Amino acid sequence: MNILGYQFEPKAWSIVLTLIATVVFSNLGLWQLSRADEKETQHKQLEQFAKQPPVLLPATLVKLEEFEYRDVEVEGEFVNEMTIYLDNKTYQGRAGYHVITPLRIDDSSLYVAVNRGWVSTGYDRSILPPVPNTEAVVHITGTAVSPNIKTFELSDKQMDKQVWNSFSHERYQQVLGIKLQPLLILQKSTIEDGLIRDWHKPESGSSKNIGYAVQWFSLAATTIIIFIVLNVKRRNKEEQQT
């Protein structure tokens, strides 16, 4: 193919490779856009849940997907001796713990793990900060989330008595010997215990997927440009005269 003194004669193998790469990169970009759309839809649903009144957490076993990100309410008694401290949690730049205590649900053999809030580590990490015990029946409201929490770990030690580096629903049940609802409540209701309950509102995360999509589409465009540049040659004067 000759256009304005330039010759374009790509090899068959280069055409095939370019088509494959372009299709793959474009499809990956479209997939990232679909993921971004899914996350936006989910985020809008979460915002709708936040506007709804709390739903009662029943005394029977539930499914996480039926309650996740919804505000729930439950009555029961904290089992204070089973409290654990989830390490490596910061608040406004200060190191601390999240305090997690199981709540024995009224009229049920089930328990539910409650993240009661944040407390500072203090100056001496060998001494756990005291958290006032709540002995009476309490009415807890909060947001239901996945019960498994991964955190940045400063050591390979996963668990040390009351201080845990990460929270596993299954391990918590095994260690305590109790049956838990398959969710964790981020407590919102006020109890005079000195804990800070300033929960971070999750973002949709769609912007990251859109960024990835732009990168994939850019790779597809770059592949086509490189293909054209490498296969376009200027004809010499003798070839142009013949």
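As shown above, the structure is provided for reference.
Residue positions are counted from 1 within each chain, in the order its sequence is given. Side-chain atom pairs in this predicted model are given and counted only at pLDDT of 80 or more, local residue features only at pLDDT of at least 70, and totals for whole chains, interfaces and linings cover all residues. To obtain the side-chain values, all non-hydrogen atoms of the structure were used and water was disregarded.

**Quick notes on the overall build of the protein**
Comment: elements are numbered from the N terminus, with helices defined as DSSP H or I runs of at least four residues and strands as E runs of at least two. On a plain count of helices and strands, the protein comes out with five helices and twelve strands. Any residue under 20% of the maximum accessible area for its type is buried, any over 50% is exposed, and the rest in between are partly exposed; the area is computed with a 1.4 Å probe on protein chains only. For the protein, the proportion of its 242 residues judged to be buried stands at 39%. Look at the contacts in the protein between residues 6 or more apart in sequence, and 69% of them connect residues 24 or more apart. Contacts are assigned to residue pairs that have any heavy atoms within 4.5 Å of one another.

**Some words on empty space enclosed by the protein**
Points on a 1 Å grid over protein atoms alone make up a cavity when a 1.4 Å probe fits among them but cannot get out, and a pocket when they form an open set with protein on both sides within 12 Å along at least five of seven lines; lining residues each have an atom within 4 Å of a point. Grid points are joined across faces, edges and corners, and a volume is the space filled by probe spheres set on the points. As enumerated under the stated definition, the model contains one cavity of 30 Å³ or more in all. A volume near 30 Å³ is recorded for the largest cavity. Phe 49, Gln 52, Pro 53, Pro 54, Val 55, Arg 70 and Asp 71 are the residues that line the largest cavity. Three classes are used: nonpolar for Ala, Val, Leu, Ile, Met, Phe, Trp, Tyr, Cys and Pro, charged for Asp, Glu, Lys and Arg, and polar for all others, with Gly counted as polar. Partitioned by chemical class, the residues of the lining of the largest cavity number four nonpolar, one polar and two charged.

**Observations concerning the packing of aromatic side chains**
Geometry of an aromatic ring pair is reported as the spacing of the ring centres plus the angle between the planes. Stacked, edge-to-face and tilted labels apply to pairs of Phe, Tyr and Trp rings (six-membered ring for Trp) whose centres lie within 6.5 Å, assigned for plane angles under 30 degrees, over 60, and everything in between, in that order. According to the stated counting rule, one finds six aromatic pairs in the structure shown. Both rings, one in Phe 25 and one in Trp 216, keep their centres 5.8 Å apart while their planes meet at 25°; by these two values the pair is stacked. Pair noted here: Phe 25 is in helix α1 (residues 12-51) and Trp 216 is in helix α4 (residues 206-231), with a separation of 191 residues, a long-range link. Relative to Tyr 97, the ring of Tyr 85 has its centre 5.5 Å away and its plane inclined at 80°; by these criteria the two rings are edge-to-face. Placement of the pair is Tyr 85 in strand β5 (residues 84-91) and Tyr 97 in strand β6 (residues 94-105), with a sequence separation of twelve residues. Residues Tyr 85 and Tyr 97 agree in their burial class; the two are buried. What links up through ring pairs into an aromatic cluster is the set Trp 164, Phe 167 and Tyr 172. Here, over-ring charges are defined by two tests on the NZ atom of lysine or the CZ atom of arginine: distance to the ring centre within 6 Å, and angle to the ring normal within 35 degrees. Over the aromatic face of Phe 78 sits the side chain of Arg 116, whose NZ or CZ is 4.7 Å from the ring centroid.

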